[in-house]
Amino acid sequence: MEKRDYLKEIDGVIEEADPADYDKAVLILPDQINLNVWPEWIHDEKPLLILIESYPVHRTLPYHKKRLTYLLSSLRHFAVECSSNGFPVHYQSTDQHYDKVLKDILDGNKELALSFMNPSEWDSRERLQELRKKYENRVTKISNTFFFADPDDWKQKIEPGYRMEYFYRDMRKKTGYLMNGDEPEGGEWNYDENNRESLPSGYDIPEPTRFQPDDITLEVMEMVDEKFPDHFGKTDHFYYATSRKQAMELLDEFIDNRLDDFGPYEDAMASDEPLLFHSGLSPYMNNGLLLPWEICERAIEAYRENDEIPINSVEGLVRQILGWREFVHIYYEAMMPEVRDTNFMNFNESLPKMYWSGETRMHCMKQSLKPVIEQGYSHHIQRLMVLSNFSNLTKTDPRELNEWFRFAYVDAHEWVVLPNVLGMSTFADGGVLASKPYVSSGNYINKMSDYCKSCEYSISKKTGEDACPFNYLYWNFVDEQRDAFEESGRNSFMVNMYEKKSEENKEAIRNSTENFLEQLKRYKNS
Ligand SMILES: Cc1cc2nc3c(=O)[nH]c(=O)nc-3n(C[C@H](O)[C@H](O)[C@H](O)COP(=O)(O)OP(=O)(O)OC[C@H]3O[C@@H](n4cnc5c(N)ncnc54)[C@H](O)[C@@H]3O)c2cc1C
Ligand code: SF4
């Protein structure tokens, strides 16, 4: 067969299967690439696997070029692996929407029955639902089994006041993870209090493995540069794992080298060290190269075997994966599609330009944006307490921030970004997911990082040109958004603190805020 443009590497190893020759096919989406969770009959019968790179899907937002490279290269490696395991594979890289490709395939072979796994993303689900309607009993939906919890069992509980903690405890009991009978291991459900240390200076941070792109990845990088030239970021210096084998290596490395310090330094930030002791495994869980229970179970096993891994590290990790990751997935299912348009505080400013350029005099913002622009990654506290915090304090439309998080990160998928942005970090849903907006002054950043030491602004100054902008923006926010801080109909502690400030001080806060916001370059108006 003639090798197709930008598919030469996989065309050299996969014998392309023609859908006209089959009576059973399975569509595998780019975020479902692990056959271990697919039904048994697929392993037994080896139907035709259909894998599609559909450019219109990847153009709905200016997705980071590394995100595209990661997803498409992983899909190609998966195709090669399936083919070498005896599956017939039909692979397309196309300018058409994938449902159009599927319609053509189904129209071209009236004997063909197609199965697909329920997509995690709303838009894909809508498209495949339409396909099912059109082809009725020829198209079958399989339940999505990439998560611990079936959202249908939980989503009716999602409402203000139902917090992640309740769900998490139920899931601990259900899975038996870190349980002694009905009691949590160590006596506590939550060891977060031990997980708020800042990093001592000179602390040894292990160097994580970076993979060199192989020929398949290099070909994808070339294609991404050509077909998605205006997208965010660059393909250069791509180092992500793109196969299950490589992802498993990264899991081993995290367990061996970083899990022990994961808990204590979970909230810490350090200049030029975006990963610290985090796992960096979210991209692999989010497309299926790793399964969430594999990570939890490896961590629990390591904790049992190694006295140096403290309970707060392993519980902290299990809480993030079994708790937060599953909870936001259920929230998405419960709240879509209306939640897409929520904007509780009615902020309507465009995203500051620095989210694209990384150019700013604020060292914390520079440090949090640089790894995103370069590699599509920053850790949770940078996402929450720096990037989202600043967006809130500068009255940015949360939907713009949500969009940015969706295209700028390698691990981004709508089901996980939207709850974290519109639910957690911006309070746009008005308090369904979180009890208060996640905002803070510069004090929090100073306590948890070394950023302020190298900043052009002064953390100790509260107002004025060279004062840390987080300081006055925060108090201005508390003043203007006091309803969001209300506790049981009463002013919160922070609102009362603001009220105790002198009138002169309040005016200085307002003036500094006004000056700063006037000069802040926004993406669409500068
Ligand atoms: C504004 C904002 C945007 C986010 N966008 C994404 C995103 O696009 N994709 C994504 O996977 N996560 C997202 N998160 C959640 C979290 O920040 C990332 O999962 C985490 O930083 C990924 O890095 P890591 O693998 O090193 O995580 P670790 O710190 O090593 O944590 C382990 C795992 O726990 C899970 N996890 C931790 N916190 C959360 C959470 N709040 N929601 C869901 N899963 C969680 C992730 O799967 C992560 O890999 C976002 C959080 C915020 C506040
Ligand atoms: S002084 Fe303020 S702007 Fe500068 S790094 Fe610290 S928190 Fe960020």
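It should be noted that the structure appears before, not after, this text.
Residues numbered from 1 in each chain as written. Chains lettered and ligands numbered in written order. Predicted model: local features only at pLDDT ≥ 70, side-chain atom pairs only at ≥ 80, totals over all residues. Heavy atoms only, no water.

Undergrad: Can you lay out the overall build of the protein chain for me, pointing to particular residues and giving the numbers?
TA: A count of helices and strands for the protein chain gives 23 helices and seven strands. Taken against the 2.2 N^0.38 rule, which gives 24 Å for 526 residues, the C-alpha radius of gyration of the protein chain at 24 Å falls within 12% of a compact globule. If you line up the protein chain on its principal axes, its C-alpha atoms span 80 × 60 × 45 Å. Every one of the 526 residues in the protein chain was classed for burial, and the buried ones make up 59%. In the protein chain, of all internal contacts separated by at least 6 residues, the share reaching a separation of at least 24 is 76%. (Helix = DSSP H or I, 4+ residues; strand = E, 2+ residues; numbered from the N terminus. Rg over C-alpha atoms; globule rule 2.2 N^0.38 Å. Buried < 20%, exposed > 50% of the residue type's maximum accessible area, 1.4 Å probe, protein only. Contact = heavy atoms within 4.5 Å.)

Undergrad: Report on the site of ligand 2, specifying residues and quantitative values.
TA: The environment of ligand 2 is formed by Met362, Cys364, Gly442, Ile445, Tyr451, Cys452, Cys455, Tyr457, Ile459, Cys468, Pro469 and Phe470. Class assignment of the residues belonging to the shell around ligand 2 gives a composition of 11 nonpolar, one polar and no charged. (Near = heavy atom within 4 Å. Nonpolar A, V, L, I, M, F, W, Y, C, P; charged D, E, K, R; others polar.)

Undergrad: Mind laying out the packing of helix 16 (residues 380-393) against helix 18 (residues 414-425), listing which residues take part and the relevant values?
TA: With their axes 11 Å apart at the nearest point, helix 16 and helix 18 run at an angle of 55° to one another. Overall, the two elements helix 16 and helix 18 adopt an arrangement that is oblique. As helix 16 packs across helix 18, the resulting crossing turns out to be right-handed. Seen from helix 16, the contacting residues are His380, Leu384, Ser388 and Asn392; seen from helix 18, they are Asn420, Met424 and Ser425. (Axes fitted to C-alpha atoms, helices over the stretch in contact; angles between N-to-C directions. Parallel < 35°, antiparallel > 145°, perpendicular 65-115°, else oblique. Left-handed = near helix turned anticlockwise from the far one by under 90°.)

Undergrad: Before we move on, could you go through the packing of helix 12 (residues 292-305) against helix 13 (residues 311-335) and cite the residues and values that matter?
TA: As a packed pair, helix 12 and helix 13 sit with axes 10 Å apart at the nearest point and diverge in direction by 165°. Put simply, helix 12 runs roughly antiparallel to helix 13. By crossing handedness, the relation of helix 12 to helix 13 is classed as left-handed. Contacts between helix 12 and helix 13 pair Pro292, Ile295, Cys296, Ala299, Ile300 and Tyr303 from the former with Ile311, Val314, Leu317, Val318, Ile321 and Arg325 from the latter. Grouping the amino acids of the contact of helix 12 with helix 13 by side-chain chemistry returns 11 nonpolar, no polar and one charged.

Undergrad: Summarise the site of ligand 1; cite the residues concerned and give the values.
TA: What surrounds ligand 1 is a group of 29 residues, the closest being His278, Ser279, Gly280, Tyr377 and His380. Within the backbone of Gly280, an N or O atom sits 2.7 Å from an oxygen atom of ligand 1. A distance of 3.1 Å separates a nitrogen atom of ligand 1 from a polar side-chain atom of Gln320. In isolation ligand 1 offers 810 Å² of accessible surface; the protein chains occlude 99% of this area. Among the elements of the structure, helix 11 (282-287), helix 13, helix 16 and helix 18 are those that each provide at least two residues to the shell around ligand 1. Looking at the shell around ligand 1 residue by residue, the classes come out as 15 nonpolar, 11 polar and three charged. Residue contributions to the shell around ligand 1 reach at least three from each of two domains, namely domain 2 (151-206 + 258-335) and domain 3 (354-519). (Polar contact = N/O pair within 3.5 Å; in protein donor to acceptor, adjacent residues only side chain to side chain. Areas by Shrake-Rupley, 256 points an atom, 1.4 Å probe, with all protein chains shown as cover. Domains from an automatic or database assignment.)

Undergrad: I'd like to hear about the nonpolar core, residue by residue, with values.
TA: Residues Trp38, Tyr284, Tyr355, Met365, Phe390 and Trp404 are the most contacted members of the largest nonpolar core, which totals 153 residues. With 12 residues, the single largest contributor to this core is helix 13. With near-sequence residues (within four places) excluded, Trp404 lies in contact with Phe232, Leu351, Tyr355, Leu369, Val372, Leu387 and Tyr409. (Core = buried A, V, L, I, M, F, W, Y, C linked by side-chain atoms within 4.5 Å.)

Undergrad: Residue-level account of unusual backbone geometry, with values.
TA: The step from Met336 to Pro337 runs through a cis peptide bond, and the omega angle for that step is 0°. Within the secondary structure, Pro337 is located in the loop between helix 13 and helix 14 (354-357). If you check the backbone angles, Lys395 has positive phi at about 60° while not being a glycine. Inspection of the secondary structure assignment puts Lys395 in the loop between helix 16 and helix 17 (398-408). The exposure class assigned to Lys395 is partly exposed, which follows from its relative accessible area of 22%.

Undergrad: An account of the sheet that holds strand 5 (residues 139-142) is requested, with residue identities and associated values reported.
TA: Taken together, five strands build an open sheet; the order of strands is 3-2-1-4-5 and the sheet is parallel. Of all strands in the sheet, those bounded by a partner on one side alone are strand 3 (89-94) and strand 5. Averaged over all pairs of adjacent strands, the angle between their axes in this sheet comes to 25°, without regard to strand direction. Sheet topology note: the strand 4 (residues 113-117)/strand 5 ladder contains four bridges and is parallel. (Pairing = 2+ DSSP bridges.)

Undergrad: Pulling in residues and values, what's your account of helix 18?
TA: Across the 12 residues of helix 18, 11 count as buried, placing the element largely inside the fold. For helix 18, the full list of buried residues reads Glu414, Trp415, Val416, Val417, Leu418, Pro419, Val421, Leu422, Gly423, Met424 and Ser425. Phe427, located one to two residues past helix 18, shows a positive phi value of around 60°.

Undergrad: Pulling in residues and values, what's your account of the pattern of salt bridges?
TA: Counted under the stated rule, the structure contains 35 salt bridges. Two residues, Lys245 and Glu249, come together in a salt bridge whose shortest N-O distance is 4.0 Å. Of this pair, Lys245 and Glu249 both sit in helix 9 (residues 244-257), four residues apart, roughly one helical turn. What makes Lys245 exposed here is its relative accessible area of 64%. Note that Glu480 and Lys395 form a salt bridge whose closest N and O atoms lie 2.8 Å from each other. With Glu480 in helix 20 (residues 469-480) and Lys395 in the loop between helix 16 and helix 17, this residue pair connects regions lying 85 residues apart in the sequence. Connected through salt bridges with shared partners, the residues Glu165, Arg169, Arg172, Glu315 and Arg319 form a single ionic network. (Salt bridge = Lys/Arg side-chain N within 4 Å of Asp/Glu carboxyl O.)

Undergrad: Can you tell me about the packing of aromatic side chains, naming the residues and giving the values?
TA: Evaluation of the coordinates by the stated rule reveals 33 aromatic pairs. For the pair Tyr265 and Phe277, a centre-to-centre distance of 5.8 Å together with 40° between the ring planes defines the contact as tilted. Of this pair, Tyr265 sits in the loop between helix 10 (259-262) and helix 11 while Phe277 sits in the loop between helix 10 and helix 11, and the two are 12 residues apart along the sequence. Site record: aromatic cluster; members linked through ring pairs are Phe232, Tyr355, Trp356, Trp404, Phe405, Phe407, Tyr409 and Tyr523. (Phe/Tyr/Trp six-rings, centres within 6.5 Å; stacked < 30°, edge-to-face > 60°.)

Keep in mind these values describe shape, not function.
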